[in-house]
Amino acid sequence: DVKVTQSSRYLVKRTGEKVFLECVQDMDHENMFWYRQDPGLGLRLIYFSYDVKMKEKGDIPEGYSVSREKKERFSLILESASTNQTSMYLCASSFVGGTGGEQYFGPGTRLTVT
Amino acid sequence: DQQVKQNSPSLSVQEGRISILNCDYTNSMFDYFLWYKKYPAEGPTFLISISSIKDKNEDGRFTVFLNKSAKHLSLHIVPSQPGDSAVYFCAASVWAGNNRKLIWGLGTSLAVNP
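Parameters and conventions
Residues numbered from 1 in each chain as written. Chains lettered and ligands numbered in written order. Predicted model: local features only at pLDDT ≥ 70, side-chain atom pairs only at ≥ 80, totals over all residues. Heavy atoms only, no water. Pairing = 2+ DSSP bridges. Helix = DSSP H or I, 4+ residues; strand = E, 2+ residues; numbered from the N terminus. Disulfide = S-S within 2.5 Å. Buried < 20%, exposed > 50% of the residue type's maximum accessible area, 1.4 Å probe, protein only.

Participant: Would you mind going over the sheet that holds strand E3 (residues 19–25) of chain B with me for this structure?
Facilitator: Think of a sheet as strands paired side by side through backbone hydrogen bonds, with each pair either parallel or antiparallel. All names here are of chain B. What the 5 strands build is an open sheet, ordered E1-E3-E8-E7-E6; its pairing is antiparallel. Both edges of this open sheet fall to strand E1 (4–5) and strand E6 (56–59), since each of them pairs with a single strand only. Pairing between E6 and strand E7 (residues 62–67): 4 bridges, direction antiparallel. Within the sheet, the bridge partner assigned to Asn57 lies in E7 and is Val64.

Listed below in structure tokens is the structure:
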């Protein structure tokens, strides 16, 4: 069974803190993605990675960075958390080229920055 | 500019009736379309997809119809059940280099009333 796990379901951080969100998949997928979901704004792509040590900016990369040192693990880093980064963060993975590009999602991390 | 549009932010139907969720797109290069379902505080889960060479795909209570000339697709749920209450996202798949990218709609919140 496909499995994507995220390190925390709920997280509360203070403004200015450095925040690490971890994602692990056990499906040997090449591709991994980080999204944020906000009411009325759908799923917005932050960063993605098609291979180890490779990363590409998505639609809203400002204020974020990522790390992919191993194939199964993709980390999202908020260098200095701000209140406008309060959101639901979703990690996903997929096979290279898969039939329709289907992505498998983790349960999400609800981050609150105070 | 949104390439995938879900023009109804919300929809309410009675249990046992049909739910119809709509999605419009602008890019004729999209060759697969996917529907995802998302409950609050959970990650999206894949529901059903359709290739651009087909006009219908069915899986149990869920059927997706594609009208390429109108650049329109719809998800039909028959009969609707209270457990179907969730946000439904339409996504379009397109090749970006050697890999696939999903372009997401903003979602439609479905409420199925007992």
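Participant: Sorry if this is basic, but what is going on with the state of the cysteines here?
Facilitator: Each disulfide consists of one covalent bond between the sulfur atoms belonging to two cysteines. Residue and element names in this part refer to chain B. As enumerated under the stated definition, the model contains 2 disulfides over all chains in all. Paired through a disulfide, Cys23 and Cys90 show a sulfur-sulfur distance of 2.0 Å. Disulfide Cys23-Cys90: the torsion about the S-S bond is -75 degrees, which places it as left-handed. Here Cys23, found in strand E3, pairs with Cys90, found in strand E9 (residues 86–96); they are 67 residues apart in sequence, far enough to count as distant.

Participant: What exactly am I supposed to notice about the pairing of strand E9 (residues 87–94) of chain A here?
Facilitator: Within a regular strand, the side chains alternate between the two sheet faces. Residues and elements named next belong to chain A. The buried fraction of E9 is high, at 8 of 8 residues. Across the two faces of E9 the burial is the same, with Ser87, Tyr89, Cys91 and Ser93 and Met88, Leu90, Ala92 and Ser94 all buried. For E9 and strand E11 (residues 109–113), the ladder comprises 3 bridges, and the chain directions are antiparallel. Across the sheet, the residue bridging to Met88 is Arg110, located in E11. For E9 and strand E10 (residues 104–105), the ladder comprises 2 bridges, and the chain directions are antiparallel. The partner of Ala92 across the bridge, within E10, is Phe105.

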